[in-house]
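# Overview (structure and organization)
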Amino acid sequence: MTTAFELKNPATLSDLGALSAAAMPSFFQLPPDVEQLRDEAREFAETVVKPRRLANDLAPHDEFDWEIVRKGHELGLLRLTIPKELGGRGVGTLGVAVVLEELAAVCASTALIFGASLLGQTSVLTSGDPHLQARFLPQFLGDEPVLACNAITEEVAGCDLLIPDNSPVAQEVMTARRDGDEYVLNGIKRFITNGKVAEWATVFANLEGHPGADGLTAFIVPLDTPGVTRGPVADKMGYRACLGTTLLFEDVRVPVENIAFGEGGGWGFLTMQSNQARSTVAAISVGVARGAFEIAHRYAGERVQGGLPLYQHQFTARKLAEMTAKIDAARLLYLQAAYQADNMLPAPTYGPAVAKLFADRIAIEVAEESMSILGARGYCRDYDVEKFVRESFGARIYEGTPEVLALAVTNALYGHRA
Amino acid sequence: MTANATLLQQTLTALLDDAELTAILKERGLSLLFVQRDPETVALLSGDGVTFDEFPQDGATLRFELSGDTLHKLLTGQLSLPRAAAARLLTVKGPVTRLRQLGDVLPRVGAAYAAVARQAA
């Protein structure tokens, strides 16, 4: 009989490295620099993030672990997408997605801290605006870690801002009124990841008198600008190590040169940014599924019932097989979407939307099955699976709910603006 | 105003004399394929010079698909590449991070375009 010991670390198709080692045919071979980055991120996740994840999960909802960010900054995770010639690591959406999967396989909260900061930077990076780049990118190249954030969601206008047909009737959207060489911002942003700790934010607001998608404009706002107040931190069921914060803007004056993509260019930029964000959040969901699966996989190889390890019981074997298939399929979808985002401008909305829709769902399914395989242990904090279960529900909300993603998919299928 | 096919051809042909530009393209391993719609004109700008219509279209580093109006605005500095992309006025296919390498290329093309347009007028 095969012993449980021999099965502790078998190759799994849930690991791209194992896929290569097993000489399995793959449509997707990662570029060497991304493979190297993945290995670095995996080591960082195992040696820096894993020892701190339980403490961070149990900490008060408004505490922030700068030490993890500092270590990640030393590795270059806060400057991943800044071009090499400017001092960054020069990777695209594919590299970011692969890194975030590795981090999320240990701690989705940590993945989101870095992911949200990179998302905030996209406005400055993709604008090609030398003024904005000279002002806002060097901060990420210094010795001290600096975070950015992306502010879209509002109190009564979350998904409405992501749906072109809804945006003209979105309620109480943040406004920007022109006053000389400045814009004056007023409004409230909610659940802004990194909002409590970020240096600056990409803030979406509607030009006064121009409701809807055509008036949406992206402003780069230093968060120490007079009139900006960092409000309460949301007390969330998961993703507890990253802080979702309310940001209040009261007569905040922003120079006109801090607009990325021009007046009214916010919607077009947002759709490009969403394609990148949805690819990388799909990767986070794959990481969450993988993290939960790896615990269940190990447990099913060690736990003996009826004289056999769990994995040799057909019902559990079926569960494990289904879980690996879901993870592998979701990974291929996000890799494809990220590849498209790196090789097409603007990228199609369909790929990232489908990738995120699927990955978010399978993360919940795989995490729940993993908890089921561990039985009572899965329900306890000591085994980490319950954390993955809580976090699996998070990605289904941010960067597009299933309902919003479904609209993006069907709009693409029927040729509407999405 | 739009960048009509003749103007585009004359502009790119004029760039053949810009040895510095072709050296830059060669050094960076860049080749740029412009597909201008209505009527369709295809031109490849690379370190080896400029060719029109008759060449394999899948070998270019970056492929730009755009209208004559958008091309005119890009070459005259009225529109930037990122804003044109965000507004879905053009499509770029290829490794988009390499668009940064065009920072000093497109102004040269724009200058040649302006000179050709002045002569035509």
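Residues numbered from 1 in each chain as written. Chains lettered and ligands numbered in written order. Predicted model: local features only at pLDDT ≥ 70, side-chain atom pairs only at ≥ 80, totals over all residues.

If you check an unreviewed UniProt entry, chain B appears there as SCP-2 sterol transfer family protein from Kitasatospora saccharophila.

Of the regular secondary structure elements, chain A holds 11 helices and 11 strands. In terms of C-alpha radius of gyration, chain A reaches 21 Å, essentially the compact-globule figure of 22 Å for 418 residues. When the backbone C-alpha atoms are referred to their principal axes, chain A occupies close to 80 × 45 × 40 Å. Out of the 418 residues belonging to chain A, those deemed buried represent 53%. For chain A, long-range pairs separated by at least 24 residues make up 73% of all intrachain contacts whose partners lie at least 6 apart in sequence. (Helix = DSSP H or I, 4+ residues; strand = E, 2+ residues; numbered from the N terminus. Rg over C-alpha atoms; globule rule 2.2 N^0.38 Å. Buried ≥ 20, exposed ≤ 12 C-beta atoms within 10 Å, placed from the backbone. Contact = placed C-beta atoms within 7 Å.)

For the rest of this paragraph, the subject is the sheet that holds strand β2 (residues 41-46) of chain B. The strand order β11(A)-β5(B)-β4(B)-β1(B)-β2(B)-β3(B) describes an open sheet built from six strands, whose pairing is mixed. Each of the sheet's edge strands pairs with one partner strand only, and the pair in question is β11 (344-345) of chain A together with β3 (49-52) of chain B. Bridging between strand β1 (residues 31-37) of chain B and β2(B) involves six bridges; their strand directions are antiparallel. Across the sheet, residue B:Leu32 finds its bridge partner in β2(B), namely B:Leu45. Docked against the sheet, helix α3 (residues 68-75) of chain B engages β1, β4 (62-67) and β5 (90-93) of chain B, running at close to 115 degrees with respect to β4(B). (Pairing = 2+ DSSP bridges. Axes fitted to C-alpha atoms, helices over the stretch in contact; angles between N-to-C directions.)

The subject of this paragraph is the nonpolar core. All names here are of chain A. If you look at the biggest cluster of nonpolar residues, it comprises 162 residues, and the most contacted ones within it are Leu-103, Phe-219, Ala-289 and Tyr-334. Tallying contributions element by element places helix α7 (residues 266-302) first for this core, with 18 residues. Residues in contact with Phe-219, not counting those within four places in the same chain, are Ala-176, Tyr-183, Leu-185, Val-203, Ala-205, Val-254, Asn-258 and Ile-259. (Core = buried A, V, L, I, M, F, W, Y, C linked by C-beta atoms within 7 Å.)

This paragraph deals with the interface of chain A and chain B. Of the residues lining the interface, 16 residues belong to chain A; the matching set on chain B comes to 15 residues. Residue assignment for the side of chain A that touches chain B shows that the elements contributing at least two residues are α5 (108-127), α7, α8 (314-343) and β11 of chain A. Looking at which element gives the most residues to the side of chain A that touches chain B, the answer is α7(A), with three residues. By residue class, the composition of the side of chain A that touches chain B is seven nonpolar, eight polar and one charged. Pairing between β11(A) and β5(B): two bridges, direction antiparallel. (Nonpolar A, V, L, I, M, F, W, Y, C, P; charged D, E, K, R; others polar.)

Residues and elements named next belong to chain A. Between its first and last C-alpha, helix α11 (residues 402-414) extends 18 Å over 13 residues, near the 18 Å set by a 1.5 Å rise per residue. Within α11, the full set of buried residues consists of Val-404, Leu-405, Leu-407 and Ala-408. Projected onto a plane normal to the axis of α11, the buried residues spread over an arc of 155 degrees and lie on a single side. Residues of α11 that are exposed and point over 90 degrees away from its buried face: Glu-403, Leu-413 and Tyr-414. Buried positions along α11 lie against α9 (350-374). Looking one or two residues beyond α11, the residue adopting positive phi is Gly-415, at roughly 75 degrees. (Expected span 1.5 Å × (residues − 1). Arc of directions from axis to C-beta.)

Attention shifts here to the environment of A:Ile397. Residue and element names in this part refer to chain A. Mapped onto the elements, Ile-397 comes out in the loop between α10 (385-392) and α11. Owing to 16 C-beta atoms within 10 Å, Ile-397 belongs among the partly exposed residues under this scheme. C-alpha of Ile-397 to C-alpha of Ile-295: the two residues are 102 residues apart in sequence and 25 Å apart in space.

Residues and elements named next belong to chain A. Look at helix α4 (residues 93-104) against α5: their axes get within 7 Å of each other, and the N-to-C directions meet at 155 degrees. The pairing of α4 with α5 is recorded here as roughly antiparallel in orientation. Once α4 is placed against α5, the crossing between them reads as right-handed. Residue-level inspection shows Val-96, Leu-100, Leu-103 and Ala-104 of α4 in contact with α5, the latter providing Ala-108, Thr-110, Ala-111, Phe-114, Gly-115 and Leu-118. Taken together, the residues that form the contact of α4 with α5 break down as eight nonpolar, two polar and no charged. (Parallel < 35°, antiparallel > 145°, perpendicular 65-115°, else oblique. Left-handed = near helix turned anticlockwise from the far one by under 90°.)

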